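Residue-level listing of the chains:
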Amino acid sequence: MAVFYILLLFVIIAAIIAVETKNLLSAVICVGAIGFGGSLMFLFLRAPDIAITQIVVEVMGLIILIRATISRDLTFISGDREFFGTVVSVVIVFVIFLAGIHVFDTLPDFGTAVFTQVPDTASQTYIEEGLERTGAANLVAAVILDFRAYDTLGEATVLFTAIIGAMVILRGKSRKLLEDPD
Amino acid sequence: MRGMTVIVKTVSSWVKVLIFLYGVYIVVFGHLTPGGGFAGGVVLASSYVLLMLAFGREFVEQDLPLALDSKLDCIGAFAFAMIAILGLVFAGSFFANFLYQKYLPGEPLRLISAGTIPLSNIAIGLKVGASLFLVFFSLSICRRGKGVTFDSPAGQEQE
């Protein structure tokens, strides 16, 4: 249990540095540190599937962000914060904090899954009959590609559409730059 | 982009094979061990991203042209949708695991088991890997400021 508090402290410190630092590269590296802390937590919670996905996506995202930020003209953030914006964000964070206290009171204890307390949940069925009904030894694969395959189809569609949109936008930009170099 | 020094090039030319193999392992054994199509696809894409960071864009374009990459993306998405439709045709419902239920039950914990799940993993891995590499590629094109089109070889001036 103590390891979670250490990781949580590490993640919070990294998040504060990422917000407060003036250097864009340090901010991007701190965002990467947050992700790695999260993947370590998933590993200690015995969720290796999510840990692998998290760490892999984190590395890719970090590389893409570094490539996008480095060697731009703007690598430092300058300027002061506005007073009104600070007040509004502090008020919103406080309201969310007050709501969060009530929500966390109703959650089950950390480390005890809900489906072990409520009988006849869907996840209980997956765990008991998953191997027999799909033949997949990895239950996560059985759920995302057999029981809940519609979710995966939707996710793949979202990714496909996002790539098409990004390429169309970037292609238009490239054509414009081609017609008018510099 | 001319690429990095000789040390980086040598090391990454050895390491890229291992990363690629690890990605293939994660995708193919997704129904047996932790991992699966998405994570494995990102590992596959990152092997080519490493190659591109070390050797420069032109080197990667000979290995994996942009047109081929977009085709792989579309093939992955098409294969996943076809697996779903084949379930409708052979077993009567969309996404039914028809291979496991009728034709090839296999044995649990073996590589050939679980019917359509490994096939879906391969399709998803192909799709995710190709599209994440496309994201990286188009961002670095945009960064250069020089325009390229996706149907002509990149870097070639149009008109």
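Structure: see above.
Now for a description of the structure that goes with this document. (Residues numbered from 1 in each chain as written. Chains lettered and ligands numbered in written order. Predicted model: local features only at pLDDT ≥ 70, side-chain atom pairs only at ≥ 80, totals over all residues. Heavy atoms only, no water.)

**What to know about the overall build of chain A**
Going by this rule: Each helix is a run of DSSP H or I of at least 4 residues and each strand a run of E of at least 2, with the numbering of both proceeding from the N terminus. Relative accessibility under 20% of the residue-type maximum defines a buried residue, over 50% an exposed one, and the middle range a partly exposed one, all with a 1.4 Å probe and only protein chains included. All accessible-area figures derive from a Shrake-Rupley calculation using a 1.4 Å probe, and residue coverage is judged against the displayed protein chains alone.
A tally of regular secondary structure across chain A gives 7 helices and 0 strands. Across chain A, helices and strands are ordered from the amino to the carboxyl terminus as α-α-α-α-α-α-α. Counting all 182 residues of chain A, 26% fall into the buried class. Split by element, the accessible area of chain A, about 12,500 Å² in all, is 71% carbon and sulfur.

**Comments concerning the side chain of Asn138 of chain A**
Short version of the rule: Polar contact is the term for a pair of N or O atoms within 3.5 Å; when the atoms are in protein, one must be able to donate a hydrogen and the other to accept it, and sequence-neighboring residues count only if both atoms are side-chain atoms. When checking whether two residues touch, look at their non-hydrogen atoms; a contact exists if any pair is within 4.5 Å.
Of note, Asn138 of chain A is situated in the loop between α5 (122-134) and α6 (139-147). A distance of 3.4 Å separates the side chain of Asn138 of chain A from the side chain of Asp49 of chain A, its partner in a polar contact. A polar contact is formed between the side chain of Asn138 of chain A and the backbone oxygen of Thr33 of chain B, at a distance of 3.0 Å. Once residues within four sequence positions are removed from consideration, Asn138 of chain A is found in contact with Asp49 of chain A together with Gly30, His31, Leu32, Thr33, Pro34 and Gly35 of chain B.

**Describing the pattern of salt bridges**
Residues and elements named next belong to chain B. Condition: Whenever Lys or Arg places a side-chain nitrogen within 4 Å of a carboxyl oxygen from Asp or Glu, that contact is recorded as a salt bridge.
Summed over all chains, the structure comprises 1 salt bridge over all chains. Across the salt bridge formed by Lys127 and Asp73, the nearest N and O atoms sit 2.9 Å from each other. Of the two residues, Lys127 is situated in helix α6 (residues 116-144) and Asp73 in helix α4 (residues 66-91); the sequence distance between them amounts to 54 residues. The buried category is assigned to Asp73, whose relative accessible area is 4%.

**Quick notes on the nonpolar core**
Note the cut-off: Side-chain atoms within 4.5 Å link the members of a nonpolar core, which is a set of buried Ala, Val, Leu, Ile, Met, Phe, Trp, Tyr and Cys residues.
By size, the foremost hydrophobic cluster in this structure holds 39 residues, and its most contacted members are Met60 of chain A together with Phe133 of chain B. At the level of elements, α3 (48-69), α6 and α7 (149-179) of chain A together with α2 (37-55), α4 and α6 of chain B are the ones that each hand at least two residues to this core. Looking at this core, the element that brings in the most residues is α2 of chain B, giving 10 residues. The contact partners of Phe133 of chain B, leaving out residues within four places of it in the chain, are Ala45, Tyr48, Val49, Met52, Val60, Leu64 and Asp69 of chain B.

**Concerning the side chain of Ser39 of chain A**
Residue and element names in this part refer to chain A. Checked against the element boundaries, Ser39 lands in helix α2 (residues 24-44). Look at Ser39 and you get buried, because its relative accessible area is 5%. A polar contact is formed between the side chain of Ser39 and the backbone oxygen of Phe36, at a distance of 2.9 Å. Excluding anything up to four places from it in sequence, Ser39 contacts Ala51, Gln54 and Ile55.

**A word on α4 of chain B**
Residue and element names in this part refer to chain B. To keep things clear, this is the line we draw: For a helix, the expected span equals 1.5 Å multiplied by the residue count minus one.
Along its 26 residues, α4 runs 38 Å from first to last C-alpha, staying within 8% of the 38 Å computed at 1.5 Å per residue. Within the sequence span of α4, burial applies to Leu66, Asp69, Asp73, Gly76, Phe80, Ile83, Ala84 and Gly87. One or two residues past the end of α4 sits Gly92, with phi positive at roughly 95°.

In short, shape yes, function no, at least from these values alone.
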